[in-house]
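Overview (structure and organization)
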Amino acid sequence: MAFAHEYLDAVLHRGRDGMPPRNFQPNWADAPRQTKLYRGLDTIELPATVDGDASLRAAFTAEGGTGTAGFTMESLSGMLLESYGRLARRIEINANDDLDKVQSYRSAKFARGTASGGGLYPVSIYWVAGPSAPVSPGVYYYNSPQHGIQRLLSGDVSGQVAAALEAAGSDAVTTDQFLLLGLKFWQNAFKYNSFSYHATTMDIGTVIQTWRLWAGARNLEVRPAFWFDEIRLGELIGSDPDDEGIFAVVPLAWDGGSHGPASSPVRSSVRHTDEERSRTVLRFELLQAIHADTRTGADQRPVPEALAPATALPAGDGQRLPLGPADFGPAGVSEALHGRRSSFGEFSALRRLTRAELSTVLAAAETGAALPCDLSGADGQGLGLVKFHVFVNHVEDVEPGIYEYVPGTGELALVKAGSYGTFLQRNYFLNNYNLEQAGAVVVPVVRGNEVIDAVGPRGYRLVNALVGSVAQAVYTASSGIGVGCGAALGFDNISYMEELGLEDSHEQPLLILMVGHERGRFAGCRFENS
């Protein structure tokens, strides 16, 4: 049995049994930086503004175009800025547990367009630029605090990325521009130890979904690959495979055509290393074991049909309740990303969600779950692995209860009527959200063990990327329509499985998403960086 099964089971039982190491406490005084620091390397500034905005409606529908346009330096810069760049500094009084730290400049919270587990932003973004780009060919690191790029390696190594993709069965690669998404584990593990792998693999999905929405609304395509020769790409960026992994590759079509990837008979490697702030860096046995397991078969991409036994089960035959069509309103993608935030302690039942608002949020979740990738097949459609349960608390003209979302119809199917506010709050571990006051709690479920059985241990990464993608889609849509949102991993997964009746279907809830109106903004300030 793959270790990924054991790790997933440990995650699901974390609320009852905990995960080793027991009684671990973060050493905040010795915390790592939130980004890599390549000391001594120049930073090439990227444009700090985005020309115009694109419709949020276009991002979530087919109105964005066919994805046939090519990236430019300006569009790549805009996508990086509004996904992972620091858009603003925020200080506000809310119910989160970090208020004793965020007032100091060193611990300031900088708002970003993309959500992140614990607000730690551990994803490293590398740009492998071939001759088509208006910069010298090489490998660049995205320096998010300064919104610039640092050249780590000079020379055209696009062929090495293409070879890594083709080694896993990708079609012939026709571009020489690639974004690589890596995870330096200590940037999150210092706080969440063994559990961090679960959170950070979702972070990969949040970033990709932001790019997909941003690019799709502008007729640009973002289609990640999750299967490739990971060892080869780890060597390229000069990382220790036990400390950092490469989790996704995104080929970019470039405006004006592409030279295509150059052949690379010699394997080049970045020689620069980042400077670690922490005096003590720990490795965690479970994290190392799950990472080693999910590297297995990285260069053996399954056929898309392999996932058929793991697809989401259809909604039950409970009474159907139409919510009406989704309405993403007039907001733009940039506007929604700049406004994205978590509603810590701010939900209020005094103003109910409307049916249209809930319909819009669920349509966004469905879009997030679709996430086309290298396993999607020739039609480019989603994988069909995610199903949604909805706890309705306070929605206009909808009785409280548990429902299933019927994809593509804008309907809910009743599972059990009744108020579940007490259940929701009792099975949440922290005190920064008032779940009963949320209009609804959306619960994406996936048959994780079946995915792992179908495509191997790397399927665990795929599952979490999809769940992260759902979270980011819901966050972005909620921001665009003026609805509060919060995502949480700290809940009793087993209690949810029991309450939702999922034991026999092997469906697993890995995240909860709270949506609803808020009770007015608390005191605070916000400084826009641009």
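A brief look at the structure comes next. (Residues numbered from 1 in each chain as written. Predicted model: local features only at pLDDT ≥ 70, side-chain atom pairs only at ≥ 80, totals over all residues. Heavy atoms only, no water.)

1. Some words on the packing of helix 12 (residues 355-370) against helix 15 (residues 459-481)
- One can describe the packing of helix 12 onto helix 15 by two numbers: an axis separation of 7 Å at closest approach and a directional angle of 145 degrees. Viewed along their axes, helix 12 and helix 15 form a crossing whose handedness is right-handed. The segment helix 12 lies against helix 15, with Glu357, Thr360, Val361, Ala364, Ala365, Gly368 and Ala369 engaging Leu466, Ser469, Val470, Ala473, Val474, Ala477, Ser478 and Ile481.
- Of the residues that constitute the contact of helix 12 with helix 15, the class distribution is 10 nonpolar, four polar and one charged. (Axes fitted to C-alpha atoms, helices over the stretch in contact; angles between N-to-C directions. Helix = DSSP H or I, 4+ residues; strand = E, 2+ residues; numbered from the N terminus. Left-handed = near helix turned anticlockwise from the far one by under 90°. Contact = heavy atoms within 4.5 Å. Nonpolar A, V, L, I, M, F, W, Y, C, P; charged D, E, K, R; others polar.)

2. Focus on the sheet that holds strand 5 (residues 138-143)
- What the six strands build is an open sheet, ordered 1-6-5-4-7-8; its pairing is antiparallel. Of all the strands in the sheet, the pair left with one neighbour each is strand 1 (44-45) and strand 8 (244-251).
- Along the sheet, helix 8 (residues 196-216) contacts strand 4 (123-129), strand 7 (177-184) and strand 8; its crossing angle with strand 7, the most-contacted strand, is approximately 155 degrees. (Pairing = 2+ DSSP bridges.)

3. Regarding helix 8
- With 21 residues, helix 8 should cover 30 Å at 1.5 Å per step; its first-to-last C-alpha distance of 30 Å lies within 8% of that length.
- Of all 21 residues making up helix 8, 21 are buried, and the element is well covered by its neighbours. (Expected span 1.5 Å × (residues − 1). Buried < 20%, exposed > 50% of the residue type's maximum accessible area, 1.4 Å probe, protein only.)

4. Side note on the packing of aromatic side chains
- Enumeration over the complete set of coordinates arrives at 23 aromatic pairs.
- Considering the side-chain rings of tyrosine 38 and tyrosine 141, the 5.3 Å spacing of their centres and the 65 degrees angle between planes classify their relative orientation as edge-to-face. With tyrosine 38 in the loop between helix 2 (14-17) and strand 1 and tyrosine 141 in strand 5, this residue pair connects regions lying 103 residues apart in the sequence.
- Exposure remark for tyrosine 38: the relative accessible area of 3% places this residue in the buried category.
- Looking at tyrosine 141, the relative accessible area reads 3%, which means it is buried.
- A centroid spacing of 6.3 Å and a plane angle of 85 degrees characterise the contact between phenylalanine 185 and phenylalanine 247, whose relative ring orientation is edge-to-face. Taken together, the positions of phenylalanine 185 in the loop between strand 7 and helix 7 (186-192) and phenylalanine 247 in strand 8 put the pair 62 residues apart, joining distant regions of the chain. Per residue, the accessibility class of phenylalanine 185 equals that of phenylalanine 247, and both read buried.
- Here a set of aromatic residues connected by ring pairs shows up, and it is made of Tyr7, Phe185, Tyr197, Phe247 and Tyr460. (Phe/Tyr/Trp six-rings, centres within 6.5 Å; stacked < 30°, edge-to-face > 60°.)

5. Quick word on the nonpolar core
- Among the nonpolar cores identified, the biggest contains 144 residues, and Trp127, Trp211, Phe226, Phe391, Leu412 and Leu462 are the most heavily contacted of them.
- Among the elements that make up this core, the one with the highest residue count is helix 15 (13 residues).
- If sequence neighbours within four positions are ignored, leucine 462 has contacts with Phe226, Trp227, Leu307, Cys373, Leu375, Leu383 and Leu385.
- In this structure, Val128, Val139, Leu165 and Val173 belong to the second largest nonpolar core, which totals 24 residues. (Core = buried A, V, L, I, M, F, W, Y, C linked by side-chain atoms within 4.5 Å.)

6. Describing the environment of proline 137
- With respect to the helices and strands, proline 137 occurs in the loop between strand 4 and strand 5.
- Relative accessible area serves as the criterion here: at 26%, proline 137 is assigned to the partly exposed category.

7. Observations regarding the pattern of salt bridges
- Tallied over the entire structure, the rule returns 21 salt bridges.
- Glutamate 275 is the partner of arginine 39 in a salt bridge, and the nearest nitrogen-oxygen pair spans 2.7 Å. Taken together, the residues arginine 39 in the loop between helix 2 and strand 1 and glutamate 275 in the loop between strand 8 and helix 10 (285-295) connect sequence positions 236 residues apart.
- Assessed through its relative accessible area of 33%, glutamate 275 is described here as partly exposed.
- The partner of glutamate 235 in a salt bridge is arginine 267, and the shortest N-O contact between them spans 3.0 Å. Taken together, the residues glutamate 235 in helix 9 (residues 230-237) and arginine 267 in the loop between strand 8 and helix 10 connect sequence positions 32 residues apart. (Salt bridge = Lys/Arg side-chain N within 4 Å of Asp/Glu carboxyl O.)

8. Overview of the side chain of histidine 291
- In this fold, histidine 291 is placed in helix 10.
- Discounting chain neighbours no more than four positions away, the residues touching histidine 291 are Phe185, Tyr197, Glu230, Pro241, Glu244, Gly245, Phe247 and Arg461.

9. Brief notes about the packing of helix 8 against helix 15
- Helix 15 packs onto helix 8 with a crossing angle of 55 degrees between their chain directions and a minimal axis gap of 6 Å. If you check the angle between helix 8 and helix 15, you find them oblique. Considering how the two elements wind past one another, helix 8 and helix 15 form a crossing that is right-handed. Of the residues in helix 15, those in contact with Tyr197, His198, Thr201, Met202, Gly205, Thr206, Gln209, Thr210 and Leu213 of helix 8 are Tyr460, Arg461, Asn464, Ala465, Val467, Gly468, Ser469, Gln472, Ala473 and Thr476.
- A breakdown of the residues in the contact of helix 8 with helix 15 according to their chemical character gives seven nonpolar, 11 polar and one charged. (Parallel < 35°, antiparallel > 145°, perpendicular 65-115°, else oblique.)

10. Details of the pairing of strand 6 (residues 148-154)
- The buried count for strand 6 comes to five of seven residues, which makes it a mostly enclosed element.
- Strand direction decides the pairing type here: strand 1 and strand 6, joined by two bridges, are antiparallel. Looking at the pairing, isoleucine 44 lines up with isoleucine 149 of strand 6.
- Across six bridges, strand 5 lies against strand 6 in antiparallel orientation. Bridge pairing links tyrosine 140 to arginine 151 in strand 6.
- Between the antiparallel neighbours strand 5 and strand 6 lie four residues, among them histidine 147 with a positive phi of about 45 degrees.

11. Some points on the side chain of arginine 447
- With respect to the helices and strands, the residue arginine 447 is situated in the loop between strand 13 (440-446) and helix 14 (448-455).
- With no salt bridge to any partner, buried arginine 447 finds its closest opposite charge in glutamate 450, at an N-O distance of 4.6 Å.
- Among the polar contacts listed, one links the side chain of arginine 447 to the backbone oxygen of threonine 311, at a separation of 2.6 Å.
- For arginine 447, the contacting residues outside a window of four places in its chain are Pro309, Ala310, Thr311, Leu313, Ser505, His506, Glu507 and Gln508. (Lys, Arg positive; Asp, Glu negative; His and termini not counted. Polar contact = N/O pair within 3.5 Å; in protein donor to acceptor, adjacent residues only side chain to side chain.)

12. Let's talk about the pairing of strand 16 (residues 512-516)
- Among the five residues of strand 16, five are classified as buried, and the element is accordingly described as predominantly covered.
- The two faces of strand 16 match: Ile512, Met514 and Gly516 on one face and Leu513 and Val515 on the other face are all buried.
- As paired elements, strand 13 and strand 16 share three bridges and run antiparallel to each other. Of the residues in strand 16, the one forming a bridge with valine 441 is methionine 514.
- Taken together, the five bridges between strand 14 (residues 484-488) and strand 16 define a ladder with antiparallel strand orientation. Across the sheet, the residue bridging to alanine 487 is leucine 513, located in strand 16.

13. Describing helix 9
- Burial analysis of helix 9 places six of its eight residues in the buried class, which makes it a mostly covered element.
- Among all positions in helix 9, only Glu230, Arg232, Leu233, Gly234, Leu236 and Ile237 are buried.
- Between the side-chain oxygen of the N-cap and the backbone nitrogen of isoleucine 231 there are 3.4 Å, and the N-cap of helix 9 in question is aspartate 229.
- Phi turns positive one or two residues past the end of helix 9, at glycine 238, with a value near 75 degrees.

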